[in-house]
Amino acid sequence: MYWLMKSEPTTFSILDLKSKPQSRDQWEGVRNYEARNYLKAMKQDELAFFYHSNCTVPGIVGIMKVTRTAWPDRTAFDPSSAYFDPQSISENPRWYCVEVELISSFSKIISLQQLRRLSSLSRMRLLQKGSRLSVMPVREAEWEMILSLAA
DNA sequence: GCCAACGTTGGC
DNA sequence: GCCAACGTTGGC
């Protein structure tokens, strides 16, 4: 499967990921059940687009690889974390994270505006009205189409 | 189980 | 900053 994962660049941008050791980090803080279920469905080495949301030019900025499959998100157990959830207990964790590694950073952002212009992408969950899901699958044909835009 | 109220997301 | 759309909560 292919994926798309959103992050607000003011919180965590593609440059932040790039600056990590081995360009790897934990994708944590997902607090939506559907998004969590997708996180748990991710397999080793699967690829995901990195999407910048809630910013001047929202869009896809690069590609990541899943380097570790889902395990309990410890930020949910940490009262000092912004992602703390008292209802998630370690014996029965509610939230999960994965580890990702940056594979490529696009020289130019593929903007949401640009994506919307392509009728072949109109079925993408990302582009549906009111869609707020932060982790979602991407169809192979859509993945290829978007990759060709990055070239 | 319904649904109003609320908080959040995210484009604009 | 605005606000539509959405998911979650909690009273009943």
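Description of the structure in this document.

Thresholds, definitions, all that
- Residues numbered from 1 in each chain as written.
- Chains lettered and ligands numbered in written order.
- Predicted model: local features only at pLDDT ≥ 70, side-chain atom pairs only at ≥ 80, totals over all residues.
- Heavy atoms only, no water.
- Near = heavy atom within 4 Å.
- Polar contact = N/O pair within 3.5 Å; in protein donor to acceptor, adjacent residues only side chain to side chain.
- Nonpolar A, V, L, I, M, F, W, Y, C, P; charged D, E, K, R; others polar.
- Helix = DSSP H or I, 4+ residues; strand = E, 2+ residues; numbered from the N terminus.
- Buried < 20%, exposed > 50% of the residue type's maximum accessible area, 1.4 Å probe, protein only.
- Lys, Arg positive; Asp, Glu negative; His and termini not counted.
- Salt bridge = Lys/Arg side-chain N within 4 Å of Asp/Glu carboxyl O.
- Contact = heavy atoms within 4.5 Å.
- Phe/Tyr/Trp six-rings, centres within 6.5 Å; stacked < 30°, edge-to-face > 60°.

**Overview of the protein's contact with DNA strand B**
Near DNA strand B, the surroundings consist of Lys6, Tyr51, Ser53, Asn54, Pro58, Leu112 and Arg132. Sugar plus phosphate, as a fraction of atoms of DNA strand B within 4 Å of the protein: 67%. Between a phosphate oxygen of DNA strand B and a side-chain N or O atom of Lys6, the distance comes to 2.9 Å. Contact distances for DNA strand B include 2.7 Å between a phosphate oxygen and a side-chain N or O atom of Tyr51. A class-by-class count of the residues in the surface near DNA strand B yields three nonpolar, two polar and two charged.

**What about the side chain of Ser7?**
Tracing the chain through its elements places Ser7 in strand E1 (residues 2-7). In this structure the side chain of Ser7 is engaged in a polar contact, spanning 2.6 Å, whose partner is the backbone oxygen of Phe12.

**Topic: the side chain of Lys6**
If you trace the backbone, Lys6 turns up in strand E1. Despite its burial, Lys6 pairs with no opposite charge, the nearest such side chain being Glu8 at 9.4 Å. With residues near it in sequence (within four places) discarded, Lys6 still touches Trp27, Tyr51, Ser53, Leu126, Ser131, Arg132, Leu133, Ser134 and Met136.

**Examining the packing of aromatic side chains**
Within the structure shown, the criterion is met by seven aromatic pairs. A centroid spacing of 5.8 Å and a plane angle of 55° characterise the contact between Trp3 and Tyr38, whose relative ring orientation is tilted. With Trp3 in strand E1 and Tyr38 in helix H2 (residues 33-41), this residue pair connects regions lying 35 residues apart in the sequence. According to the relative accessible area criterion, Tyr38 is partly exposed, its value standing at 21%. Both rings, one in Phe49 and one in Trp143, keep their centres 3.8 Å apart while their planes meet at 20°; by these two values the pair is stacked. Separated by 94 residues along the polypeptide, Phe49 in strand E3 (residues 47-52) and Trp143 in helix H4 (residues 140-150) bring together distant segments of the chain. One exposure class covers both Phe49 and Trp143, and it is buried. Among the aromatic residues, those joined into a ring-pair cluster are Tyr2, Phe49 and Trp143.

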